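# Summary of the model geometry
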Amino acid sequence: MSDLTPTTLRNNVPLSPDEVLEIALESVLEFLPCQRDRNAFSLVNKSWNRIEAETRFEVVIGNCYSISPQRVVNRFKAIKSVVLKGKPRFADFSLLPPDWGARFSPWVVVLSGAYRGLEKLCLKRMYVSNDDLVVVANTFVGFKEIRLVCCEGFGTSGLAVLAGKCRQLRVLELIEDEVADDEEDWISFFPGGATCLESLMFDCVECPLNFNALEKLVARSPSLKKLRVNRYVSLGQLRHLMIIAPQLTHLGTGSYGPLEDLEDPLPANELRDHVSSAFAASKSLVCLSGFREIVPYFLPAVYPVCANLTSLNLSYANILVEEFKQVISHCHKLQILWVLDLISDGGLVAVAATCKDLQELRVFPMDTIEDNAGPVSDVGLHAIAEGCKKLQSILFFCQQMTNAAVISMSINCPDLIVFRLCIIGRYRPDHSTGEPMDEGFGAIVKNCKKLTRLAVSGLLTDRAFSYIGQYGKLLRTLSVAFAGDSDMGLTYVLEGCPKLEKLEIRDSPFGDIALRSGMHQYHNMRFLWMSTCKVTRQGCREIARQIPGVIVEIFNWNQVGEEGENSDLVDTLYMYRSLEGPRADAPRFVNIL
Amino acid sequence: MESINIQEEGLNLKATELRLGLPGRDETEKETIFSFKNNKRAAPKSTEDNESEANSDAKHGDHEAAPAAKAQIVGWPPIRSYRKNNFPPKKAEAEFGIYVKVSMDGAPYLRKIDLKVYNGYADLLRALESMFKLSIGYYSEREGYKGSEYAPTYEDKDGDWMLVGDVPWDMFMSSCKRLRIMKGSEARGLGCGV
């Protein structure tokens, strides 16, 4: 190595070859923001590992129990942004008992000790208390951005502290959280004078609001681009906000109509005209959502912005098909659309006719009861397939479907990355042929070469899973419910899908044999969830014994089951890879094997 | 394998069953709470929520105990409770709009409006004027609609055609079945305070 002369100087001191290499690598790392790539980089050797650790500024922890906060701060010294996810997704559907875990408190204690310079925090499905928010507000001096998604445990008093103390706050986004009403007028806590706010989203905060304070806040937030208000803001009030902030790019309306308890002095047609003018003046608006408690009379007021919209969320809007068609006919640039199935197949046909650039579509059900037919079906899906060929992501709830429509989508929409079809009627076959839905999903995995996320439903035999195992080579997330015939179904998937990271299964006849078939895979996966399947305690115990680095949690809904101690069948299995041992905060009902 | 239905009619597994609810809430251990959520517009079709909505319900304070008409599978379909909870109208009534057809003499097709949107007669009439591009004038108890060749009328519950404006607004809203804007001599006849 002596022929490598140090040609670079730092502070007039010649650098050693190793130091030169380090600087070179650091420069390279600047171009590697993606965590996956950095992880690979850090595995080359110890020195690369160290360099990577020193230059990483954001850490994403997909499962808060996969690593301890202490280990994170020991490895990375200069973190500015933390993304932390807690409960598994099925917790959203009441399949996880409360008190299961995923508390932010142990994390905030350690993070506040190590990362004084922390600027950004994003938490998903975690239990965050008011005290935790106080720690955040008090510790991180330059704190800039907080996003809480599907979290709970805090209330408006925690928000008040954040608002009051984080002087550099740019982003405060609350998305589908459960926020307690601590009767604190949190909006009033933002300090006077101009704020740094760029994004303020609180549509999920189900508490009355001090509108006066909000109005003044918006008026002194010149950088505000994204605003989503809650349903305690009426349409008339919204209009005032829009006039003060014509620079908004993202707007979430409150109640889309007059509020009963508020005196709205304007007659309806005048209000509508005023709102329409306000929309016309919002030249930068590209994303529109909200529309809660909608009074359809006022919907036409949005027409002036429709032509610019790239994202529209009408999934809380109870409107008629004709009213929807009127709106959508103006939305030529739309890329993201969330709607209710109320729009029916006719509405979907209208979408297909107009929204040629559509990338993401979500159709939610108004009615969640299993029924023979519903307002949307294979007809609508077929239309979307043929009209929206750039589709990348779809979530579609319906009561009935055909293989033909699904196959059509697989052929017409080759860019599909996410395909989630939920046929609400369990075990429902193709309603025109009576066949299982195997061929449809088979076509999706076969033809959609970029597919990474799949959710299946309807009547499915093991054959469907054999297709998934055969063709789903890029699949990372798979959701299964009420499907399959035997252990072979799950085996096909575990043996065939090398990239699988998240597998969530409920109410399907997969047992210990299937479980065993995935032993080579589990340390490559983030987690496996199986509830109301056929796995037994014994089967789970075997996995726990044989695979180090994987935590196996089981719990039963009935603590003292009817079958007594002999009941070997496990209600819920949640298994995840982890660098740590069994967690210390597991509640009584959770058994860690 | 059958899925486990936590709420089975009449069955009360209080002592042994795990209850769902926010930490520290004892009430949920005492009763099984069902709630009916009515659709706003369609004929009220009940959407049952399982007891896991108990936390949100208790917080909103708007649940009613009602027997499950059909046993519901926990967590199916996979919709977040946040979304499920957003549909019930905050008002007690199941109906939302009061939609009535509006015809105008000489116009080729009818319109439909939601009476609930308007504050009162003045508001309604301004909207009709705007919708049909005409002038209805001012209402006078004695002389009907002055200053215009049009008269707004409505068919009430008894099937009679009445002049809009005679009865209090609330009474009008509940008895109006359809509207008709009369024109010309018929209208003038009505306007003469009969």
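Residues numbered from 1 in each chain as written. Chains lettered and ligands numbered in written order. Predicted model: local features only at pLDDT ≥ 70, side-chain atom pairs only at ≥ 80, totals over all residues. Heavy atoms only, no water.

In the nomenclature of an unreviewed UniProt entry, chain B is known as Auxin-responsive protein of Daucus carota subsp. sativus. Chain B has a UniProt comment under Sequence similarities (unreviewed entry) that states "Belongs to the Aux/IAA family." Heading Subcellular location (unreviewed entry) of the UniProt record for chain B holds this comment: "Nucleus". (UniProt positions renumbered as here; feature names shortened; annotations may be inferred.)

Looking at an unreviewed UniProt entry, chain A carries the name F-box domain-containing protein, with the source organism given as Daucus carota subsp. sativus.

Looking now at the overall build of chain B. Scanning chain B for helices and strands turns up five helices and nine strands. Counting helices and strands in the order they occur from the N terminus, chain B gives β-β-α-α-β-β-α-β-β-β-β-α-β-α. Looking at chain B as a whole, 49% of its 194 residues are labelled buried. The long-range fraction of contacts in chain B, counting pairs at least 24 apart against all pairs at least 6 apart in sequence, stands at 52%. For chain B, the exposed surface amounts to about 10200 Å²; the carbon and sulfur share of it is 51%. (Helix = DSSP H or I, 4+ residues; strand = E, 2+ residues; numbered from the N terminus. Buried < 20%, exposed > 50% of the residue type's maximum accessible area, 1.4 Å probe, protein only. Contact = heavy atoms within 4.5 Å. Areas by Shrake-Rupley, 256 points an atom, 1.4 Å probe, with all protein chains shown as cover.)

In this section: the sheet that holds strand E8 (residues 161–163) of chain B. All names here are of chain B. Within the open sheet, the five strands sit side by side as E4-E3-E9-E7-E8. Their pairing is mixed. The sheet is open, and its two borders are formed by strand E4 (111–114) and E8, each paired with just one other strand. For this sheet the average axis-to-axis angle between neighbouring strands, irrespective of direction, equals 30 degrees. As paired strands, strand E7 (residues 150–155) and E8 are joined by three bridges and run antiparallel to one another. Bridge pairing in E8 links glutamate 155 to tryptophan 161. Across the sheet, helix H3 (residues 121–132) is in contact with strand E3 (99–104), E4, E7 and strand E9 (178–183); its angle to E4 comes to roughly 155 degrees. (Pairing = 2+ DSSP bridges. Axes fitted to C-alpha atoms, helices over the stretch in contact; angles between N-to-C directions.)

All names here are of chain A. Two strands pair when backbone bridges link them, and strand E4 (residues 81–85) and strand E5 (residues 120–124) are joined in this way by five bridges, in the parallel orientation. Looking at the pairing, serine 81 lines up with lysine 120 of E5. Regarding the hand of the β-α-β motif, the stretch spanning E4, helix H5 (residues 105–114) and E5 is right-handed. Where E5 lies against strand E6 (residues 145–149), five bridges are found, and the strand directions are parallel. The residue bridging cysteine 122 from the neighbouring strand is arginine 147, located in E6. (Right-handed = clockwise from strand over helix to strand, strands pointing away.)

We now examine unusual backbone geometry. Pro77(B) follows Trp76(B) through a cis peptide bond whose omega is -5 degrees. Residue position: Pro77(B) is located in the loop between helix H1 (54–60) and helix H2 (81–84). At Arg125(A), a position not held by glycine, the phi torsion is positive, near 50 degrees. Note on placement: Arg125(A) falls in the loop between E5 and helix H6 (130–139). Classification of Arg125(A) by relative accessible area gives buried; the value is 9%.

Let us now look at the packing of aromatic side chains. All names here are of chain A. Counted according to the given criterion, the structure contains 26 aromatic pairs over all chains. On the numbers, 5.2 Å between centres and 85 degrees between planes, the contact of tyrosine 297 with phenylalanine 298 is edge-to-face. An aromatic cluster of at least three residues, connected via ring pairs, comprises Tyr65, Phe90, Phe93, Trp100, Phe527, Trp529, Phe555, Tyr574, Tyr576 and Phe589. Of note, arginine 292 hangs over the ring of tyrosine 316, and the distance from its end group to the ring centre comes to 4.1 Å. (Phe/Tyr/Trp six-rings, centres within 6.5 Å; stacked < 30°, edge-to-face > 60°. Lys NZ or Arg CZ within 6 Å of the ring centre and 35° of its normal.)

Such a bond, covalent and formed between the sulfur atoms of two cysteines, is termed a disulfide. Residue and element names in this part refer to chain A. Taken as a whole and judged by the stated rule, the model has zero disulfides over all chains. Of all cysteine sulfurs, the one in cysteine 151 lies closest to cysteine 150, which takes part in no disulfide; the gap is 7.3 Å. Take cysteine 150: its relative accessible area is 13%, and that puts it in the buried class. Among the cysteines around cysteine 388, which has no disulfide bond, cysteine 355 carries the closest sulfur, lying 6.3 Å off. Residue cysteine 388 is classed as buried on the basis of its relative accessible area of 0%. (Disulfide = S-S within 2.5 Å.)

Residues given the UniProt feature "domain: Transport inhibitor response" (unreviewed entry) here are residues 78–123 of chain A. End C-alpha atoms of residues 78–123 of chain A are separated by 19 Å, and the span's content is 22% helix alongside 20% strand.

Residues and elements named next belong to chain A. Counting buried positions along helix H13 (residues 344–354) yields eight of 11 residues, so the element is predominantly enclosed. Turning to H13, its buried residues number three or more, namely Ser344, Asp345, Gly347, Leu348, Ala350, Val351, Ala352 and Thr354. Where H13 is buried, its residues meet helix H12 (321–328), strand E15 (336–340), strand E16 (360–364), helix H14 (378–387) and strand E17 (393–398).

A few words now on the packing of H12(A) against H13(A). Two quantities define a packed helix pair, namely the angle between the axes and the distance from one axis to the other. Residue and element names in this part refer to chain A. Viewed as axis vectors pointing N to C, H12 and H13 meet at an angle of 5 degrees, and their least axial separation amounts to 9 Å. Relative to H13, the element H12 lies roughly parallel. Side by side, H12 and H13 meet where Val321, Phe324, Lys325 and Ile328 of the first sit next to Ser344, Gly346, Gly347, Ala350, Val351 and Thr354 of the second. Its residues assigned to classes, the contact of H12 with H13 comprises five nonpolar, four polar and one charged. (Parallel < 35°, antiparallel > 145°, perpendicular 65-115°, else oblique. Nonpolar A, V, L, I, M, F, W, Y, C, P; charged D, E, K, R; others polar.)

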